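Chains, contacts and geometry: an overview
Letter by letter, the chains look like this.
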There are 2 protein chains.
Amino acid sequence: MNIDELNTPAALVDVGRMSRNIERMQRRLDSLGASFRPHVKTTKCEPIVRAQVAAGARGITVSTLKEAEQFFANGVSDIVYAVGMIPTKLPQALALRRQGCDLKIIADSIQSAEAIAAFGRDHGAVFEVWIEVDVDGHRSGIAPEDDLLITVGRALVGGGMNLGGVLAHAGSSYEYSKHEDLVRIAEQERAGAVRAAERLRAAGLTCPVVSIGSTPTALSAERLEGVTEVRAGVYVMFDLVMHNVGVCGTADIALSVLTTVIGHQEDKGWAIVDAGWMAMSRDRGTQRQQHDFGYGLVCSKNGAPLSDYVLSSANQEHGVISRIGSVDRDIAKHFPIGTRLRILPNHACATGAQHPEYQAIAEDGTAETWPRFYGW
Amino acid sequence: MNIDELNTPAALVDVGRMSRNIERMQRRLDSLGASFRPHVKTTKCEPIVRAQVAAGARGITVSTLKEAEQFFANGVSDIVYAVGMIPTKLPQALALRRQGCDLKIIADSIQSAEAIAAFGRDHGAVFEVWIEVDVDGHRSGIAPEDDLLITVGRALVGGGMNLGGVLAHAGSSYEYSKHEDLVRIAEQERAGAVRAAERLRAAGLTCPVVSIGSTPTALSAERLEGVTEVRAGVYVMFDLVMHNVGVCGTADIALSVLTTVIGHQEDKGWAIVDAGWMAMSRDRGTQRQQHDFGYGLVCSKNGAPLSDYVLSSANQEHGVISRIGSVDRDIAKHFPIGTRLRILPNHACATGAQHPEYQAIAEDGTAETWPRFYGW
């Protein structure tokens with residue numbers, strides 16, 4: 001199969017671009033002296049994770065226990081589940097550990113820590129727990145200077161659990177677009193996580209792992225002293241949000257949606273395509289950034305951006321392509337019915353999740369089906 | 001299984017509400033003298049479509065040929081594929097017809113009509129084709145007064161195809177919130193489709209079917225003279241967008257996402273839950289409506305709205321619940337870790353699509369798994 005034979009819409013992965021993205025991140029972290037633990041929530045796809053591990057990744061990060069189960073079945077054992085643990089999910093986590101999975105879980109409250117310790121004691125299990133640290137007020141975690149950090153650490157260790165480290169994610173890095181801001185937030189992420197680890201150690205607790213990361217900070221950090229590992233996910237595909245943040249060009253974006261023109265409204269300058277929000281996702285992540293790409297940037301079927309055209313609106317299985325700035329009344333001539341186009345997505349994690357599989361496009365243009373999974 | 005035993009996040013269907021929604025629409029269209037062809041893109045779920053057919057639906061509408069294949073395999077034969085046909089999808093459509101599926105396809109251009117006729121002749125097949133009519137400038141279709149309508153009709157019939165009818169969808173009805181506006185747009189949809197059919201008949205062409213519909217117009221039309229069938233999809237679940245349009249109350253919304261509180265940021269008044277955009281979708285359909293519900297309206301685990309609380313932001317597997325208007329510094333007391341909540345969605349079609357299955361909750365609180373599918 002090649003691009004002209006594929007059913008549309010389809011999620012295409014440009015394997016050359018993906019491989020270069022994997023190499024770029026791995027080399028960068030090698031040179032900064034930290035190990036790399038990619039977040040597989042972006043793709044949930046075995047051949048892609050295999051390529052990340054082959055390039056040098058040490059373990060993976062997951063956002064659901066289903067991801068842990070699937071990738072453990074695929075031979076990856078060193079896994080951190082980077083969403084706060086709750087009691088009802090502990091049996092699933094325990095089952096993974098009992099099968100030999102080196103699963104780490106996280107906590108950021110005394111209630112969670114005590115629940116994990118109580119469950120562990122009841123089942124004769126020692127969980128490795130990392131404490132989530134809040135370095136930018138973005139979401140979850142305990143601030144590095146908050147004494148709750150020590151209280152939670154003691155509750156875990158006193159409860160018989162293994163305190164394995166601290167984990168931070170500077171999610172606010174997505175809100176910037178200047179290199180100096182990204183360098184600053186990367187240093188804030190590093191310093192906050194290292195400070196939390198130092199405070200735990202000063203309180204007599206162990207804290208071997210200091211884990212930080214996001215794609216923008218991982219690509220902007222100038223030093224990683226005190227950090228043992230970095231996590232990042234979307235870098236493997238990149239997308240228009242990351243382009244606007246300034247950490248990739250459009251020529252680095254490895255994910256696109258192949259679509260076909262199905263009709264026109266010529267007086268409005270619209271070409272109607274068969275990629276709606278079901279194929280692109282409803283993610284409008286570029287809406288409040290410096291460059292709003294609508295639901296995506298239109299490219300030729302071979303991937304060359306047609307920079308004046310975006311997917312300006314989307315229904316479930318219909319998308320509207322229009323020209324920015326001026327109505328293209330010749331759009332039916334430019335893109336006749338049957339024309340194949342690629343759309344670069346705002347957000348690779350959200351767009352990928354709409355598809356049961358990727359079509360991996362090799363340098364010679366041939367397509368291979370790479371399944372991905374979803375659900376919990 | 002019941003609500004306390006289910007894994008979270010989970011897509012819950014309140015079977016009692018769903019059944020009442022199905023009955024309401026079917027009774028309404030029965031009384032208006034039109035047959036009903038529900039759009040199954042909302043749920044892609046066999047038990048739900050079975051309930052719609054059992055209540056009196058005559059055939060179904062689909063947005064992908066995969067839906068046609070799956071529901072034909074489940075015993076539904078009368079199917080209209082309501083997205084403009086393109087040449088590359090004709091082999092798939094032909095395969096369905098040759099298996100005995102009474103599949104109807106649509107066209108709104110001379111290029112499409114000629115391509116369908118040429119493919120049909122080459123393969124000894126007569127496709128039933130409906131012409132898509134544009135009644136509100138919303139998306140695809142030919143305006144009722146445009147002579148292209150007659151040209152396309154003649155191209156189909158002259159090419160040996162069966163011109164089966166006209167199809168219109170007043171998608172702009174989603175933009176209104178007053179009953180009188182909905183009545184007006186419903187009449188505009190009816191009158192435009194009937195006028196297109198009359199013009200085709202006056203030109204000597206057959207046009208047995210006049211198909212219109214959307215959930216808001218189907219629930220607002222005061223008369224359907226000249227219309228043979230109505231299509232609607234989201235009515236089976238309803239959602240917050242439909243609540244804002246004014247065609248349902250929150251107590252009619254049959255779809256919700258069950259979630260668990262995993263942490264807090266008390267000074268910000270945040271409860272963090274395990275339903276992020278992966279569980280809710282990125283749909284922010286209420287953003288520009290009269291009442292913005294964020295990513296959804298928070299309810300107790302039994303479905304009672306806690307009207308001051310919404311899912312105010314969402315990452316992939318994390319959602320933030322906060323109180324509208326004032327920071328709830330006691331949110332950790334109101335919603336301790338482990339608390340189960342339901343979130344009513346902005347858009348039932350988008351939220352359902354994120355889940356491999358529904359958990360159908362019966363009146364006695366027991367849950368049954370109803371699989372749904374995705375992809376193309």
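Chains are numbered independently. Their residues run from 1 in the order of the written sequence. Each chain gets a letter, beginning with A, and each ligand a number, beginning with 1, in the order they are written. Reporting in this predicted model follows two pLDDT cut-offs: at least 70 for local features of residues, and 80 or more for side-chain atom pairs to be given and counted; totals over whole chains, interfaces and linings ignore these cut-offs and use all residues. As a rule here, side-chain values cover all heavy atoms of the structure and leave hydrogens and water aside.

Looking at an unreviewed UniProt entry, one finds chain A named D-serine deaminase, pyridoxal phosphate-dependent and attributed to Paraburkholderia susongensis. UniProt positions are given in the numbering used here, feature names are shortened, and annotations may be inferred rather than shown by experiment. Listed in UniProt under the heading Sequence similarities (unreviewed entry), the comment for chain A reads: "Belongs to the DSD1 family."

1. Points about the interface of chain A and chain B
A contact between two residues is defined here by any heavy atoms of the two lying within 4.5 Å. With 55 residues of chain A at the interface, the matching set in chain B holds 55 residues. Using a 1.4 Å probe, buried area is obtained as the accessible area two parts lose upon being combined, added over both of them. Together, the buried faces of chain A and chain B total about 4800 Å²; carbon and sulfur atoms form 55% of this surface. On the chain A side of the interface with chain B, the three residues burying the most area are Arg139(A), Tyr374(A) and Trp376(A), jointly 18% of the side's total. Here, a salt bridge means any Lys or Arg side-chain nitrogen found within 4 Å of an Asp or Glu carboxyl oxygen. Inspection of the chain A/chain B interface yields 4 salt bridges. A salt bridge links Asp274(A) to Lys89(B), with the shortest nitrogen-to-oxygen separation between them at 2.7 Å.

2. A few points about the pattern of salt bridges
Residues and elements named next belong to chain A. Taken as a whole and judged by the stated rule, the model has 40 salt bridges over all chains. Glutamate 363 is the partner of arginine 20 in a salt bridge, and the nearest nitrogen-oxygen pair spans 3.9 Å. Of this pair, arginine 20 sits in helix 1 (residues 15-32) while glutamate 363 sits in the loop between strand 16 (357-361) and strand 17 (367-371), and the two are 343 residues apart along the sequence. Both residues of the pair, arginine 20 and glutamate 363, belong to the exposed class. A salt bridge links arginine 37 to glutamate 229; its shortest N-O distance comes to 2.9 Å. Residue arginine 37 is found in the loop between strand 2 (35-36) and helix 2 (46-54), and its partner glutamate 229 is found in strand 9 (residues 229-230); the two are separated by 192 residues along the sequence. For the pair arginine 37 and glutamate 229, a shared accessibility class is recorded, and that class is buried. Counting from the N terminus, the helices are DSSP H or I runs at least four residues long and the strands are E runs at least two residues long. Only protein chains enter the accessibility calculation, which uses a 1.4 Å probe; a residue is then buried when its area is under 20% of its type maximum, exposed when over 50%, and partly exposed in between.

3. Quick word on the relation of the copies chain A and chain B
We place the copies in one frame by least squares, fitting the C-alpha atoms of every residue whose pLDDT is at least 70 in both. Placing chain A over chain B gives an RMSD of 0.0 Å and needs a rotation angle of 180 degrees, together with 0.0 Å of translation along the axis. Taken together, the rotation and translation relating the two chain copies correspond to the operation of a two-fold axis. Residue Arg282(A) of chain A places its C-alpha closer to the rotation axis than any other residue of that unit, at 2.4 Å. The overlap is high: 100% of the interface residues of chain A also sit at the interface in chain B, so the same surface is used on both sides.

4. Brief notes about the sheet that holds strand 8 (residues 209-212) of chain B
Within a sheet, neighbouring strands are paired by backbone hydrogen bonds and run either parallel or antiparallel to one another. Residue and element names in this part refer to chain B. In short, DSSP must find at least two bridges between two strands for them to pair. Read across the open sheet, the 8 strands follow the order 2-9-8-7-6-5-4-3; overall the sheet is parallel. The sheet terminates laterally at strand 2 (35-36) and strand 3 (60-62), the two strands that pair on one side only. One ladder, built from 3 bridges, connects strand 7 (residues 162-168) with strand 8; its direction is parallel. Across the sheet, residue valine 166 finds its bridge partner in strand 8, namely valine 210. Helix 5 (residues 110-122) contacts strand 5 (102-107) and strand 6 (128-133) of the sheet and is inclined by roughly 145 degrees relative to strand 5. Lines fitted to C-alpha atoms define the axes here, with helix axes fitted over just the stretch in contact, and angles between the N-to-C directions of these axes take values from 0 to 180 degrees.

5. Here's the deal with unusual backbone geometry
Across residues other than glycine, the phi torsion is negative in most instances, and most of the peptide bonds are trans. All names here are of chain A. With an omega of -5 degrees, the peptide bond running from threonine 8 to proline 9 counts as cis. Its location among the elements puts proline 9 in the segment before strand 1 (10-14). Despite not being glycine, lysine 44 shows a phi value in the positive range, around 45 degrees. Take lysine 44: it is sitting in the loop between strand 2 and helix 2. Since its relative accessible area comes to 1%, lysine 44 is described here as buried. In the Ramachandran plot, serine 281 falls in the positive-phi region, its phi being about 80 degrees despite a non-glycine side chain. Turning to its location among the elements, serine 281 is positioned in the loop between helix 10 (277-280) and strand 12 (297-300). Residue serine 281 is classed as buried on the basis of its relative accessible area, which comes to 3%.

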